[in-house]
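Reading the structure
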Amino acid sequence: MTQKPPNRCRLVLIAPQSRDLDTLAAQIEQACAGGDVASLILPQFDMLEAEFQDLAERIVPPVQERGIAVVIAGAPRIAARSKADGIHVDGPHADLADAISRYQPTMMVGAGGARDRDRALELGELRPDYLFFGRFGYDSKPEPHPRNLALGRWWSEMIEIPCIVLAGSRIGSVVEVAQTGAEFVAASAAVFAEDADPQAAVAEINRLLDETVSARETPR
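Structural notes, computed from the coordinates.

Let us look at the packing of helix 5 (residues 117–124) against helix 6 (residues 146–158). One way to put it is that helix 5 packs onto helix 6 with a least axis distance of 11 Å and a crossing angle of 45 degrees. For the element pair helix 5 / helix 6, the angle class is oblique. Relative to helix 6, the crossing made by helix 5 is right-handed. When helix 5 is examined against helix 6, the residues Arg-117, Ala-120, Leu-121 and Gly-124 are found in contact with a partner set consisting of Leu-151, Trp-154 and Trp-155. Within the contact of helix 5 with helix 6, the residues separate by chemical class into five nonpolar, one polar and one charged.

Here it is, written out as structure tokens:
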């Protein structure tokens, strides 16, 4: 039985690009053992369909057993075959509309590719389950991209659809995301870098997110 999710910005893990599937699976297992994780997004990157299918079938069941939702990015059919919880669409407006019509509400459908306000509103009109501000693999700098922070702050103040904002490669950068009011902060490099301890990184991220809530609620 999973614990009740905390009432604050929550962590979304983004699996890194890797051809060493054994190491990747072990890293994901360690990260998921580190504390509260809302979901794991598993991007296809440059994997062939059969290879990505194998990875999804290997990753999805054990992550779901921990009460963590798994979202497949880039391959709706593989998401359905692997019994994942959701699909992430980072493509044309028509692709998102098609995924929503085919898979909602059976599966959650999230949207990426919102690089400005107009595009975000256009995607939001389709009512995806969340909007993602950032790009997979583009979190190599210590701090979150200022544009993503600005979009996350604007979106969370204006729109009811939840948003996920990509953090930087520095663990402490999750605080900057949480301060925007975004419902979720995404982390990849901060957790899965070569010299990182995924379990310890997730534990530290959750500690920082808890502290952010405490600081906001403390009277001045």
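Moving on from the coordinates now.
So, about the packing of aromatic side chains. Applying the stated criterion across every chain, the model contains three aromatic pairs. The interplanar angle of 70 degrees and the centroid separation of 6.1 Å between the aromatic rings of Phe-133 and Trp-155 together place this pair among those described as edge-to-face. Taken together, the residues Phe-133 in strand 6 (residues 130–133) and Trp-155 in helix 6 connect sequence positions 22 residues apart. Classification of Phe-133 by relative accessible area gives buried; the value is 0%. Given the relative accessible area of 1%, Trp-155 is considered buried. Consider the rings of Trp-154 and Trp-155, whose centres lie 5.8 Å apart with planes at 65 degrees: the pair is edge-to-face. A relative accessible area of 11% means that Trp-154 is categorised as buried. An aromatic cluster is built from Phe-133, Trp-154 and Trp-155, whose rings are joined through pairwise contacts. One residue, Arg-135, lies across the ring of Tyr-138, its end atom 4.0 Å from the ring centre.

What counts and how
- Residues numbered from 1 in each chain as written.
- Predicted model: local features only at pLDDT ≥ 70, side-chain atom pairs only at ≥ 80, totals over all residues.
- Heavy atoms only, no water.
- Axes fitted to C-alpha atoms, helices over the stretch in contact; angles between N-to-C directions.
- Helix = DSSP H or I, 4+ residues; strand = E, 2+ residues; numbered from the N terminus.
- Parallel < 35°, antiparallel > 145°, perpendicular 65-115°, else oblique.
- Left-handed = near helix turned anticlockwise from the far one by under 90°.
- Contact = heavy atoms within 4.5 Å.
- Nonpolar A, V, L, I, M, F, W, Y, C, P; charged D, E, K, R; others polar.
- Phe/Tyr/Trp six-rings, centres within 6.5 Å; stacked < 30°, edge-to-face > 60°.
- Buried < 20%, exposed > 50% of the residue type's maximum accessible area, 1.4 Å probe, protein only.
- Lys NZ or Arg CZ within 6 Å of the ring centre and 35° of its normal.

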